[in-house]
Amino acid sequence: MSEFEKSEWAQKGHAQAFLENADIYILERRRLFQILRSFYRHFLDKNRTKVLDLGCGDGALTRELLKEDEQIQATLVDGSPEMLENARERLQSFENMHFINRTFQELLKNDAVLDDDFDLVVSSLAIHHLHREEKRSLFEYIHNHLQTGGYFLNLDTVKAPTPELEGWYRIFWSEWIRENQTKLDITERFDHIPEQYKNNPDNHPDTIDEQLDALKSVGFGQVDCYYKYGIFAIFGGRK
Ligand SMILES: C[S@@+](CC[C@H](N)C(=O)[O-])C[C@H]1O[C@@H](n2cnc3c(N)ncnc32)[C@H](O)[C@@H]1O
């Protein structure tokens with residue numbers, strides 16, 4: 001059984017639960033999407049931009065980018081057929097959407113799965129499932145599949161540099177969830193999610209510094225953390 005098949009994402013129903021509730025418990029999810037769109041407006045020119053969305057889920061990131069530019073040609077990759085089915089449905093009204101059911105580990109084993117070079121590679125809340133060395137290999141793979149001048153942007157959870165900070169970040173994440181539940185008038189409780197995230201054996205976040213160093217080591221320039229709020233970060237670089 002592969003690492004992915006052993007993970008919760010391979011379990012039926014897990015994908016659906018995430019899709020239904022992500023806006024309630026992912027810290028400042030709307031803000032993360034706004035920053036993604038601002039990045040696109042600022043750095044990408046609208047000329048049939050080729051985008052790769054890794055761990056696309058139901059295509060939430062690609063959908064946000066399509067609000068900026070309907071001409072995008074997107075390739076969406078996910079290990080879960082259930083998630084890809086949701087993405088297909090969500091993006092059915094757009095042309096030039098390609099869906100690939102592969103795990104990151106499978107991409108790394110077979111370079112020929114993606115035969116294109118992309119202008120922008122994005123990913124959200126997926127790469128932290130990989131171990132440190134796998135992350136570095138995936139960053140290298142992404143670098144190899146970017147056009148010169150292309151960008152990689154990762155919206156993901158990261159590990160805090162100390163246990164004290166990690167503890168505090170989880171507490172204010174729970175506080176934010178409670179506030180958000182009140183704002184959205186939701187009675188179901190989600191403030192246990194930060195504790196669940198910590199205890200989940202599928203999560204392998206590394207610190208922002210480790211990941212920025214890994215990006216630089218595989219050849220990325222303009223590497224930076226563009227936004228960070230507790231354990232949620234947006235970071236990346238340019239080829
Ligand atoms: C938390 S969801 C995020 C989905 C979407 N990017 C979003 O932000 O809404 C994580 C996604 O990563 C996918 N995923 C996790 N580990 C993966 C792996 N090793 N290879 C490919 N996809 C993976 C899961 O199937 C799931 O769709």
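See the structure printed just above.
Each value, and the rule that gives it
- Residues numbered from 1 in each chain as written.
- Predicted model: local features only at pLDDT ≥ 70, side-chain atom pairs only at ≥ 80, totals over all residues.
- Buried ≥ 20, exposed ≤ 12 C-beta atoms within 10 Å, placed from the backbone.
- Helix = DSSP H or I, 4+ residues; strand = E, 2+ residues; numbered from the N terminus.
- Arc of directions from axis to C-beta.
- Contact = placed C-beta atoms within 7 Å.
- Pairing = 2+ DSSP bridges.
- Right-handed = clockwise from strand over helix to strand, strands pointing away.
- Near = placed C-beta within 6 Å.
- Axes fitted to C-alpha atoms, helices over the stretch in contact; angles between N-to-C directions.
- Parallel < 35°, antiparallel > 145°, perpendicular 65-115°, else oblique.
- Left-handed = near helix turned anticlockwise from the far one by under 90°.
- Nonpolar A, V, L, I, M, F, W, Y, C, P; charged D, E, K, R; others polar.
- Core = buried A, V, L, I, M, F, W, Y, C linked by C-beta atoms within 7 Å.

Some points on helix α5 (residues 81-90)
Moving on, step 1. For α5, the full list of buried residues reads M83, L84, N86 and A87. Take α5 and look down its axis: the buried residues cluster within an arc of 155°, on one side only. Turned more than 90 degrees from where α5 packs its buried face, P81 and E89 sit exposed.
Moving on, step 2. The inward-facing, buried residues of α5 contact α2 (14-25), β2 (73-78) and β3 (97-101).

Some thoughts on the pairing of β3
Moving on, step 1. Relative to β3, β2 is paired through 5 bridges, and the arrangement is parallel. Residue pairing across strands places D78 opposite N101, the latter belonging to β3.
Moving on, step 2. Each parallel crossover has a hand, and the one from β2 via α5 to β3 is right-handed.

With respect to the site of the ligand
Moving on, step 1. Near the ligand, the surroundings consist of 20 residues, among which G55, G57, G79, S124 and A126 are the closest.
Moving on, step 2. Listed by contribution, the elements that provide at least two residues to the shell around the ligand are α2, α4 (60-68) and α6 (104-109).

A short note on the packing of helix α3 (residues 29-43) against α4
Moving on, step 1. One way to put it is that α3 packs onto α4 with a least axis distance of 9 Å and a crossing angle of 45°. With respect to their mutual orientation, α3 and α4 come out oblique. Read as a crossing pair, α3 and α4 show a hand that is right-handed. Facing F33, L36, R37, Y40 and R41 of α3, the residues of α4 in contact are L61, E64, L65, K67 and E68.
Moving on, step 2. In terms of residue class, the contact of α3 with α4 is built from 5 nonpolar, no polar and 5 charged.

Some points on helix α10 (residues 208-217)
Moving on, step 1. For α10, the complete set of buried residues consists of Q211, A214 and L215. Burial along α10 is one-sided: seen end-on, the buried residues are contained in an arc of 100°. Turned more than 90 degrees away from the buried face of α10 sit D209 and S217, all of them exposed.
Moving on, step 2. At its buried positions, α10 is contacted by α7 (132-144), β6 (221-229) and β7 (232-238).
Moving on, step 3. Within two residues after α10, G219 carries a phi angle of roughly 115°, on the positive side.

A word on the environment of L44
Moving on, step 1. Along the chain, the position of L44 falls in the loop between α3 and β1 (50-54).
Moving on, step 2. Placed 24 residues apart in sequence, L44 and E20 show a C-alpha to C-alpha distance of 31 Å.
Moving on, step 3. Leave out the neighbours within four places in its chain, and L44 touches T49, D119 and L120.

Considering the nonpolar core
Moving on, step 1. Core analysis: the biggest nonpolar cluster contains 56 residues, and L36, V51, V121, V122, F152 and L153 have the highest contact counts within it.
Moving on, step 2. Looking at this core element by element, the count peaks at 5 residues for strand β5 (residues 146-157).

Considering unusual backbone geometry
Moving on, step 1. Of note in the backbone geometry, R48 takes a positive phi value of approximately 50° without being a glycine.
Moving on, step 2. Relative to the assigned elements, R48 resides in the loop between α3 and β1.
Moving on, step 3. Positioned with a positive phi, Q222 is a non-glycine residue whose angle comes to about 50°.

Worth remembering: the numbers are spatial, not functional.
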